[in-house]
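# Close look at the chain arrangement
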Amino acid sequence: MKRVLSGIQPSGDLHLGNYFGMMSRMIKYQEENELFCFIVNYHALTTIQDKEKLATNTLNAAIDFMALGLDPDKSTFWVQGDVPQVCESTWLLSNIVNVGLLDRATSYKNKLARGMKANVGLYSYPILMASDILLFGGEIVPVGKDQKQHLEMTRDMAIRFNQKFGEVFIVPEADIENTTQLVPGIDGQKMSKSYGNTIPIFGSEKTIRKRFMSIVTDSTDIDLPKDTDSALFHLYSLFLDEKGQKELAERFATIGMRYGDVKQELFDCFWMQFLPFREKRDYLCNHKDHVLQKLKEGADKASAVADTYLTNAREAVGLHYGDANV
Ligand code: ADP
Ligand code: TRP
């Protein structure tokens with residue numbers, strides 16, 4: 001049994017990219033592995049600096065995950081900020097990371113390119129992420145393709161730390177599905193909270209239907225076959241098995257197909273698939289105390305694991321000075 005671990009930022013409404021790229025895989029893993037899953041509110045602080053918003057998003061993300069099937073009785077599920085030991089291990093790791101490594105982080109560079117202010121938190125984000133993984137002994141880390149480099153950095157930090165100070169941390173493996181391309185947003189770019197192109201998992205029927213109807217399509221004439229390398233085709237494929245995908249490709253190749261009809265159908269498909277989760281979500285929103293209690297239990301379990309790794313790391317670097325020769 002492997003320890004599978006991953007986190008998600010509460011930086012906005014969770015969307016289909018998050019679901020297919022990470023959440024659904026995590027939920028599957030919980031059946032046969034030891035799952036550690038958390039909401040990374042310290043990470044979100046690098047971009048959200050609004051007290052109400054951060055708190056609301058954090059609780060919403062936890063409720064969304066539980067509604068989608070994450071079972072806190074089977075897994076260890078917590079909010080990152082409830083186990084502040086990760087900040088201390090971030091500091092320990094910071095001292096073995098070269099600035100050049102952080103300079104090369106594409107996620108950071110992309111954020112700067114989009115005009116985000118470069119605070120130190122954003123810059124050192126990959127070290128906090130490494131800390132999240134190493135402090136809990138994560139072995140397998142399911143993430144979307146965009147996190148691949150962060151995982152490589154984490155491995156690099158674990159190896160360096162172990163070489164310098166002795167074997168303290170497990171070197172984790174990224175789990176990125178080969179077949180899963182990044183889920184496209186309604187504009188055809190990577191679906192991302194920060195690009196304003198998402199289809200949220202939860203939200204009002206009207207709003208979500210509107211998002212589906214706004215998926216960009218080309219202006220190919222109705223009498224011509226349609227391109228399957230499109231956001232509409234890729235999004236619909238996520239809801240279909242292999243046979244269904246083949247049939248969809250045939251429809252795209254057949255003249256007379258109307259994009260509007262396909263979008264409507266895709267919405268119906270989405271709505272039916274997520275309906276039971278929606279009901280569960282309403283239930284959890286009305287039982288907030290239960291959610292908070294489960295998060296507290298999760299934080300207690302995670303904290304115990306963190307303490308063991310942190311004690312070993314502190315000892316390894318020389319912070320335990322009581323037995324020093326003087
Ligand atoms: P966002 O880009 O919307 O802020 P996050 O960075 O919080 O999303 O990502 C949370 C998880 O969801 C990560 O594991 C990430 O790789 C995955 N993910 C995010 N967007 C996509 C996407 N468009 N396709 C596949 N996976 C994604
Ligand atoms: N950086 C990840 C993202 O934006 C979130 C994250 C933080 C994470 N800590 C983690 C993912 C540890 C996996 C493991 O999606």
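In this report, we go over the structure that sits alongside the text. This structure is a prediction, so every number in the text was calculated from the model and none was measured.

For the rest of this paragraph, the subject is the overall build of the protein. Secondary structure assignment for the protein yields 13 helices and five strands. In terms of overall size, the protein behaves like a compact globule, its C-alpha atoms giving a radius of gyration of 22 Å where 326 residues would be expected to give roughly 20 Å. Dimensions of the protein along its principal axes, counting C-alpha atoms only, are 85 × 45 × 40 Å. Looking at the protein as a whole, 47% of its 326 residues are labelled buried. Contacts spanning at least 24 positions in sequence make up 77% of the contacts within the protein whose residues lie at least 6 apart.

Here we come to the packing of aromatic side chains. Counting across every chain of the model gives 22 aromatic pairs. Ring centres of Trp78 and Phe136 lie 4.8 Å apart, and the angle between their planes is 55°; this geometry places the pair in the tilted category. Here Trp78, found in strand β3 (residues 76-79), pairs with Phe136, found in the loop between α7 (120-134) and β4 (140-142); they are 58 residues apart in sequence, far enough to count as distant. The exposure class of Trp78 is buried, given its relative accessible area of 1%. Summarising the aromatic geometry, the rings of Phe212 and Phe267 are spaced 5.8 Å apart at their centres and angled 70° between planes, so their arrangement reads as edge-to-face. You can see Phe212 sitting in helix α9 (residues 205-213) and its partner Phe267 sitting in helix α12 (residues 259-285), a full 55 residues away along the chain. Each member of the pair, Phe212 as well as Phe267, is classed as buried. An aromatic cluster of three or more residues is present, and its members are Tyr19, Phe20, Phe212, Phe239, Phe267, Phe270, Trp271, Phe274 and Phe277. For the cation-ring pair, Lys111 lies above Tyr125, with the distance from its terminal atom to the ring centre recorded as 4.8 Å. Here the guanidinium or amino end of Arg281 rests over the ring plane of Phe202, the centre of that ring lying 5.4 Å away.

Conventions used here
- Residues numbered from 1 in each chain as written.
- Chains lettered and ligands numbered in written order.
- Predicted model: local features only at pLDDT ≥ 70, side-chain atom pairs only at ≥ 80, totals over all residues.
- Heavy atoms only, no water.
- Helix = DSSP H or I, 4+ residues; strand = E, 2+ residues; numbered from the N terminus.
- Rg over C-alpha atoms; globule rule 2.2 N^0.38 Å.
- Buried < 20%, exposed > 50% of the residue type's maximum accessible area, 1.4 Å probe, protein only.
- Contact = heavy atoms within 4.5 Å.
- Phe/Tyr/Trp six-rings, centres within 6.5 Å; stacked < 30°, edge-to-face > 60°.
- Lys NZ or Arg CZ within 6 Å of the ring centre and 35° of its normal.

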